[in-house]
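# Residue-level structure breakdown
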Amino acid sequence: MILLGSTGSIGLNTLEICRRFQIPVEALVAGNNLELLQEQIDEFQPGIVAIADPARIPEIRHPRVYGGEEGILKLLEESASDLVVNALVGFAGLAPTLKAQELGRRLALANKESLVIAGAFLERERIVPIDSEHFGLWYLMNGRPFRRLVITASGGAFRDRELSEIPTATFAEALRHPNWSMGNKITIDSATMVNKLFELLEARWLFGTPAVDAVIERRSIVHALVEFADGSTTAHLAGVDMKLPIATALECPVEEPILPPVDLLEIGPIAFEAIDPERYPLWELRRILLERPRLGVVLNAANEAAMAPFRRGESDFGTMTRRILETFRAFEEREPATLGEALELDSKVRKHCGEF
């Protein structure tokens, strides 16, 4: 298999599954954590490696190292594995997704932005989701007719903060996730609820229905629920661990426990809460995104552009959120009809958002 994003949390879990089931790794792609990448190279002996910054290639002890987006695409072209695991973060994951599909590869996808930006233009039947929520939906559905799909959210860093204090929050404060430690971008997206909007769009494309919703479940034990056509509802419970979705996507023989089973007597009560647009203003975009999912490219571009000054300490949380919402409203009539139009729209949205 080929692993894009080997040093992030999904990448680390993927390599743990590879280690456990003795899956050979043909190629590794990583960002800037080159020390960890070198350890992975020494252990898994990939034939090809690529990193984000071409200038740092001499730091890697390997005879075949490429750099930048062009290097990742070259790695895909020169590799032979049928399976590509794309765990890259953000817009950077889209070009490798498109290249993998152009080459006819199977795609185990953790890069949300690929579907958010270009879901209409991908061969979705060749995509297996790694997100725990979408894995949970797939696991529950089993081909049966359903009425509604529901995924869960933790609520992010500000789920209990006084409403009046949220707009002035800093980048460091937004990174204090109550349940777990993740990468910076996904943690901020969790605080704004953009991450859950992305996951609604993923479900919209993967399962072909706008009947998707989300609720807050603070314990992060219930990952997905399916309301079936017969009126019953089934929930998927599991620990906060990505190994089961990854093992399934990698078609491992899951005949032994991948995760410890949930102890129902230990977990205690589980409760669900509505996502309040007063606390999460961007949640008001949910309906239009599900009705017109090609607008996901606008949300993603505005989100990445507005997050940059927030990360640098040049704006507060409220300003970032307001920029995303106002930029989306400025482009909500611009649905792209082709992939080229989507990429062009991405550039225009970023430029507009940067002019605030």
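So, how was this worked out
- Residues numbered from 1 in each chain as written.
- Predicted model: local features only at pLDDT ≥ 70, side-chain atom pairs only at ≥ 80, totals over all residues.
- Heavy atoms only, no water.
- Helix = DSSP H or I, 4+ residues; strand = E, 2+ residues; numbered from the N terminus.
- Rg over C-alpha atoms; globule rule 2.2 N^0.38 Å.
- Buried < 20%, exposed > 50% of the residue type's maximum accessible area, 1.4 Å probe, protein only.
- Contact = heavy atoms within 4.5 Å.
- Areas by Shrake-Rupley, 256 points an atom, 1.4 Å probe, with all protein chains shown as cover.
- Lys, Arg positive; Asp, Glu negative; His and termini not counted.
- Charge placed at Lys NZ, Arg CZ, Asp CG, Glu CD.
- Pairing = 2+ DSSP bridges.
- Axes fitted to C-alpha atoms, helices over the stretch in contact; angles between N-to-C directions.
- Salt bridge = Lys/Arg side-chain N within 4 Å of Asp/Glu carboxyl O.
- Parallel < 35°, antiparallel > 145°, perpendicular 65-115°, else oblique.
- Left-handed = near helix turned anticlockwise from the far one by under 90°.
- Nonpolar A, V, L, I, M, F, W, Y, C, P; charged D, E, K, R; others polar.

Before going further, it helps to examine the overall build of the protein chain. When helices and strands are counted, the protein chain shows 15 helices and 11 strands. Relative to the compact-globule value of 21 Å for 356 residues, the protein chain shows a C-alpha radius of gyration of 20 Å, a close match. Projecting the C-alpha coordinates of the protein chain onto the three principal axes gives extents of approximately 55 × 50 × 40 Å. Here the protein chain holds 356 residues, and 56% of them are scored as buried. Considering only residue pairs separated by 6 or more positions, the protein chain has 64% of its internal contacts joining residues 24 or more positions apart. Looking at the protein chain as shown, the accessible area adds up to about 15,600 Å², and 51% of this sits on carbon and sulfur atoms. The positive charge centre, built from 38 side chains, and the negative charge centre, built from 52, are 2 Å apart in the protein chain.

Here we take up the pairing of strand β9 (residues 212-216). Of all five residues that make up β9, four are buried, and the element is covered over most of its length. Taken together, the five bridges between strand β8 (residues 146-153) and β9 define a ladder with parallel strand orientation. Residue pairing for β9: Ile151 is matched across the bridge by Ala214.

Turning our attention to the sheet that holds strand β10 (residues 222-228). Strand order in this open sheet of four strands is β9-β8-β10-β11, and the pairing throughout is mixed. The strands lining the two open edges of the sheet, one partner per strand, are β9 and β11 (233-237). In this sheet, neighbouring strand axes are inclined to one another by 25° on average, regardless of whether the strands run parallel or antiparallel. The sheet strands contacting helix α6 (residues 132-141) are β8, β10 and β11, and the helix crosses β10 at an angle near 35°. Lying over the sheet, helix α9 (residues 194-207) contacts β8 and β9, oriented at roughly 150° with respect to β8.

Turning our eyes to something else, we now look at the pattern of salt bridges. Following the criterion strictly, the structure yields 31 salt bridges and no others. The salt bridge involving Glu102 is made with Lys99; its shortest N-O contact spans 3.3 Å. Remark: Lys99 and Glu102 occur in helix α4 (residues 94-102); sequence separation between them is three residues, near one turn of the helix. A relative accessible area of 59% means that Glu102 is categorised as exposed. By relative accessible area, Lys99 is classed as buried at 11%. Each of Lys112, Asp131, Glu133, Lys196 and Glu199 takes part in one network of salt bridges that share partners.

Now for unusual backbone geometry. Notably, Asn142 is not glycine yet its phi reads approximately 50°, a positive angle. In this fold, Asn142 is placed in the loop between α6 and β8. The backbone of Met193 shows a phi angle near 80°, a positive value even though the residue is not glycine. The residue Met193 is located in the loop between α8 (184-192) and α9 in this model.

When two helices pack together, their arrangement is captured by the angle between the axes and the distance separating the axes. Where helix α14 (residues 317-331) contacts helix α15 (residues 339-354), the two axes come as close as 10 Å, and the packing angle between them is 130°. The angle between α14 and α15 falls in the class oblique. As α14 packs across α15, the resulting crossing turns out to be right-handed. Between α14 and α15, the residues in contact are Arg323, Thr327, Ala330 and Phe331 and Leu345, Lys348, Val349, His352 and Cys353, respectively. Residue composition of the contact of α14 with α15, by class: five nonpolar, two polar and two charged.

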